[in-house]
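What follows is each chain in one-letter form.
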Amino acid sequence: MNIALRDPNVVMKLSRLGSFHQSKLSFLRSFLKEFKDWDYKRDLFELNEHGYGTAVYSFKKKNRVYSLICFANELHENERSDRVIATKWDAAFTLFDGVPLKQDIERLKNEVPRQEFGRLSYKELTLSRANKSVRVFNHVVERLSEGKQPDNKLIASVGYLYRTTAVYGSGKFGLADRFRIKDREEIYGPFRLEMMLVYLVRQFTFDQVNHVAKSKNPKKAVNLDLKICKSLGIGNSTGLGMAPFIVNHPTLLNNWILAREISLKKIREIKIVLEKDRELFLECLKKSIKNITSWNTESEYQINKIKFLLNDLNEFILYLDNDFNFEQDYAFNELYLHLEKKYCEECVEYVVSMMMEPYDDITSPLIKEMSSEEEKYFNIPTDRTVEELKKILEKRYPDILTIDFSKNENNLNFWFISKNKEEPRLANRFDEVGAELEQPLAIARDIKKLYELLSVTKNSLKISRFLSTNNELRHIVRRAFIVEKFPYSEIQDNTIGKEIMPIDMLRLKLSFFGALKFDPRSDKWLRICMFQGAPLPEQLKNYDEHWVYN
Amino acid sequence: MRSLSEIDTVSKRSSRAAGYSWGIAEEIGKNIRLLEIFSLPGIKNLNSFFKKKKELRLENISIINQDNEANKNEYCPIIMGVNFLDQIKTLETQNEIMFKKVSYPLLFLPFVSRAAEVIGKRIFLKIDDREFLLNFNNNIYSNYTKNEIIESAEKIYLKILENRDSFEEKDWNELYKLSEETFVEENESLKQGGAGAGLTDND
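Residues numbered from 1 in each chain as written. Chains lettered and ligands numbered in written order. Predicted model: local features only at pLDDT ≥ 70, side-chain atom pairs only at ≥ 80, totals over all residues.

Draft legend 1. Quick look at the overall build of chain B. Looking only at helices and strands, chain B has eight helices and six strands in total. Walking chain B from its N terminus toward its C terminus, one meets helices and strands in the order α-α-α-β-α-α-β-α-β-β-β-β-α-α. The C-alpha atoms of chain B give 24 Å as radius of gyration, which overshoots the globular expectation for 203 residues (17 Å, by more than 25%). Over its C-alpha atoms, taken along the principal directions, chain B stretches across nearly 80 × 40 × 35 Å. Among the 203 residues that make up chain B, the fraction classed as buried is 35%. Of the contacts made within chain B by residues no fewer than 6 positions apart, 59% connect residues no fewer than 24 positions apart. (Helix = DSSP H or I, 4+ residues; strand = E, 2+ residues; numbered from the N terminus. Rg over C-alpha atoms; globule rule 2.2 N^0.38 Å. Buried ≥ 20, exposed ≤ 12 C-beta atoms within 10 Å, placed from the backbone. Contact = placed C-beta atoms within 7 Å.)

Draft legend 2. Structural context of the overall build of chain A. Along the backbone of chain A there are 21 helices and 11 strands. For chain A, whose C-alpha radius of gyration is 24 Å, the value lies close to the compact-globule estimate of 24 Å for 550 residues. By its C-alpha atoms, chain A is 85 × 60 × 50 Å across when sized along the principal axes. With 550 residues in all, chain A has 45% of them scored as buried. Here the analysis covers contacts within chain A between residues at least 6 apart in sequence; of these, 76% occur between residues at least 24 apart.

Draft legend 3. Main features of the interface of chain B and chain A. Contact with chain B, which involves 21 residues of that partner, is made by 22 residues of chain A. For the side of chain B that touches chain A, the elements supplying multiple residues, two or more each, are helix H1 (4–17), helix H2 (22–37), helix H4 (77–86) and helix H6 (109–119) of chain B. Here the side of chain B that touches chain A takes five residues from H2 of chain B, the largest share from any one element. Along the lines of polarity and charge, the residues of the side of chain B that touches chain A split into seven nonpolar, seven polar and seven charged. (Nonpolar A, V, L, I, M, F, W, Y, C, P; charged D, E, K, R; others polar.)

Draft legend 4. Structural view of the confidence of the model for chain B. Looking at chain B as a whole, the pLDDT averages 93, with 96% of positions reaching at least 70. Both scores are available for the predicted complex, with the pTM at 0.93 and the ipTM at 0.89. (pLDDT = per-residue confidence, 0-100.)

Draft legend 5. Structural view of the sheet that holds strand E10 (residues 516–520) of chain A. Residues and elements named next belong to chain A. With respect to topology, nine strands assemble into an open sheet ordered E1-E2-E3-E4-E5-E6-E7-E11-E10, the strand pairing being mixed. Taken across any chain shown, the strands that pair with only one partner, and hence form the sheet edges, are strand E1 (39–47) and E10. Adjacent strand axes in the sheet meet at a mean angle of 25 degrees, parallel and antiparallel pairs treated alike. By the bridge criterion, eight bridges tie E1 to strand E2 (residues 53–61) in an arrangement that is antiparallel. Looking across to E2, one finds that Leu-44 is bridged to Val-56. On the sheet, helix H8 (residues 192–216) packs against E1, E2, strand E3 (64–72), strand E4 (91–97), strand E5 (124–132), strand E6 (160–168), strand E7 (233–238) and strand E11 (526–530) and is oriented at approximately 150 degrees with respect to E6. (Pairing = 2+ DSSP bridges. Axes fitted to C-alpha atoms, helices over the stretch in contact; angles between N-to-C directions.)

Draft legend 6. Quick peek at the pairing of E10 of chain A. Residues and elements named next belong to chain A. With four of five residues buried, E10 lies mostly within the body of the structure. Both E10 and E11 contribute to a ladder of three bridges, which runs antiparallel. Directly across from Pro-520, in E11, lies its bridge partner Leu-526. Joining the antiparallel neighbours E10 and E11 is a turn of five residues.

Draft legend 7. Layout of H8 of chain A. Between its first and last C-alpha atoms H8 of chain A spans 37 Å; for 25 residues at 1.5 Å apiece the expected length is 36 Å, and the two agree. Of all 25 residues that make up H8 of chain A, 19 are buried, and the element is covered over most of its length. (Expected span 1.5 Å × (residues − 1).)

Draft legend 8. Representation of unusual backbone geometry. Even without a glycine there, the phi angle at Phe-191 of chain A is positive, about 60 degrees. Note that Phe-191 of chain A resides in the loop between helix H7 (178–181) and H8. With 25 C-beta atoms packed within 10 Å, Phe-191 of chain A lands in the buried category. Positive phi outside glycine occurs at Lys-101 of chain B, with the angle close to 65 degrees. Relative to the assigned elements, Lys-101 of chain B resides in strand E2 (residues 96–103).

Draft legend 9. Representation of the sheet that holds strand E6 (residues 152–160) of chain B. Residue and element names in this part refer to chain B. Ordered in space as E1-E2-E6-E3-E4-E5, the six strands form an open sheet in which the pairing is mixed. Bordering the open sheet on either side are strand E1 (67–69) and strand E5 (139–142), each of which pairs with just one other strand. Averaged over all adjacent pairs, the angle separating strand axes in this sheet is 20 degrees, with direction ignored. Pairing of E2 with E6, which is carried by seven bridges, proceeds in the antiparallel orientation. Along E6, the bridge assignment pairs Glu-96 with Lys-159. Strands strand E3 (123–127), strand E4 (130–135), E5 and E6 of the sheet are contacted by H6, whose axis makes an angle of about 170 degrees with E3.

Draft legend 10. Spotlight on the domain arrangement of chain A. For chain A, the assigned domains are domain 1 (27–239), domain 2 (251–371) and domain 3 (376–485). Here the C-alpha centre of domain 3 of chain A lies 41 Å away from the C-alpha centre of domain 1 of chain A. (Domains from an automatic or database assignment.)

Draft legend 11. Main features of the packing of H2 of chain B against H6 of chain B. Residue and element names in this part refer to chain B. Running from N to C, H2 and H6 cross one another at 90 degrees; their axes reach a closest spacing of 9 Å. Between H2 and H6, the crossing angle belongs to the class labelled roughly perpendicular. Contact with H2, carried on its side by Asn-31, Leu-34 and Leu-35, involves Leu-109, Pro-110, Phe-111 and Ser-113 of H6 and no other residues of that element. Here the residues of the contact of H2 with H6 are counted per class, giving five nonpolar, two polar and no charged. (Parallel < 35°, antiparallel > 145°, perpendicular 65-115°, else oblique.)

Draft legend 12. Structural view of the nonpolar core. Counting residues in hydrophobic clusters, the biggest one holds 146 residues, and the most contacted among them are Leu-68, Met-196, Leu-197 and Val-201 of chain A. Element by element, the count of residues in this core is highest for H8 of chain A, at 12 residues. When near neighbours in sequence (up to four residues on either side) are disregarded, Leu-197 of chain A contacts Leu-68, Phe-93, Leu-95, Thr-126, Ser-128 and Val-167 of chain A. Counting 46 residues, the second largest nonpolar core, distinct from the first, contains Trp-22, Met-80, Ile-97 and Ile-127 of chain B. (Core = buried A, V, L, I, M, F, W, Y, C linked by C-beta atoms within 7 Å.)

Given below as structure tokens:
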């Protein structure tokens, strides 16, 4: 049986993308798998009794070494902020290419804590900073120093000791450009170095909390129980900075979604589902419910989504246990069709992620296809004709071409870069100043504009001639030709309309990172947790790949 | 040291601020990155160009011919470059192309380098007395190595080079003969094991 890939015009709607969940394709899970046989080491740990100082952690294999350098500094209460406008943090980190020399550490000590205002070099690969959850960190120090373990309830309610507020890579602030490292097999997948940084930072937070507790009461203090460590991740506050990324990297976005879509297609095409695969799917699905029941958020929007998801999943599990026949041919296809008919988008995408769990043989080859050589697709094929371009727009943007942008509600917002932090923002164009400096992220509107212009242009005209008098639409012409080849490269929604939920864009990206427990703090930023439940570095050699559900 | 990613981003944003469309600004970002990769002074020339752009009152050329000469003022190197790149498939048939009076000609060069890649041919470019051989956008040979700003060019000449061997047939044959010394002479029993052995062509 040949199952068609899902229609991009359905999958690429923001509400659907904002319903994605982590899966076997997620980068943090791929990273752990790819680095499990690397040698982990804590190379340096020079912290004072308050936990301030320098530490270095590394992953090594043959001649290749990646080292995380951590700088923990004192931060006064009035200086602590997760906002992007902050200038000081509890700790700052960089991932160094190789083994840092003393002079490297000295140089970086002056640069890394300054983050955006510091200068990095091609020897540094990623950069980040993080703040403590002061409430949890102090509680853990207090309890450990008394020889006791922390309160499980508090630990579970927060889920981390530190949260990062940004992770930078790919040439930012002088960091190494991707071209310098892109041929390294071990980091070919997307965001591997960012994942490595966050993973090693997690270990630093455990070592630091143990160290401070021990310094406080050397005779009585105990280390944080390894099971508790494992249950903790690294929090992350994410704002709009992430949203333009998925618009600005269309071929990369396509490759992420396409991997997911091909996985689903292949799973639906399995004629006979083996008992062991069925059991693993059911086990992961049932165990995963605890990730939903322990999902804390004050966001009414998310609370509702969780409520619907939980109701749907409970009903779906009952259906699986009592009514569904896994012995039938193409059982996963039947299951998928049932899901689409009966349940909410969030539930459909949740189960799609679960379906992948038994099928390493399907997902592993696809993981290797999730990067993109974006430069290859930059040039516009200017020998094509207006008619061809018009047909591409009609085929790839059917719903977008029906939007009426003369209505204020469809043209309400504009994306811009803030001057003080060089970060993307979204604002109402009729209430705020600056719309004339709009970023080229209103793809739907510009596609419509292009289509209207093409409709009154001679069909046989070459694109080279069309552009010679219409270069204000050059960015969107380039894009349309990319979308022709990469059907999942475009969000099939209006990103400047009244109804836009920017966090849907963030969630899409974060689900591919492998984040859990999305906690929207507004429609424009959210908190998440990464690596919660993941094996510790010392446990990597032999770990359960389905740790997410344990 | 600035990374190439920073060079690309800042060139793109500044180009937009200087009045170019986003699509053209994207091209400029990629181009300045390319110039800097090839150790040519992209940032320096772009910065100087933007500072003087308004007072230069540049002319735009949209359709490129074999001979192109600006009327009153100089050609804008960006618009000239964008249109050259876009029209390269039609220009390919005209072996030689000439531009007279071009402002900041180094900013035109990366468009030509990229065009060389699009048509799969080398392009020889001469900016007054500075010579450049643009090899499929992979590298550039040049007699020009100064890290300086070139504010204008009287004449830009470019020649699209046909894909031809750079050597004589005799050189090839001699080298080929030497390469044959890595082959093994087949005896009858080795010939029996070759692909298709034992079959007739009709099978």
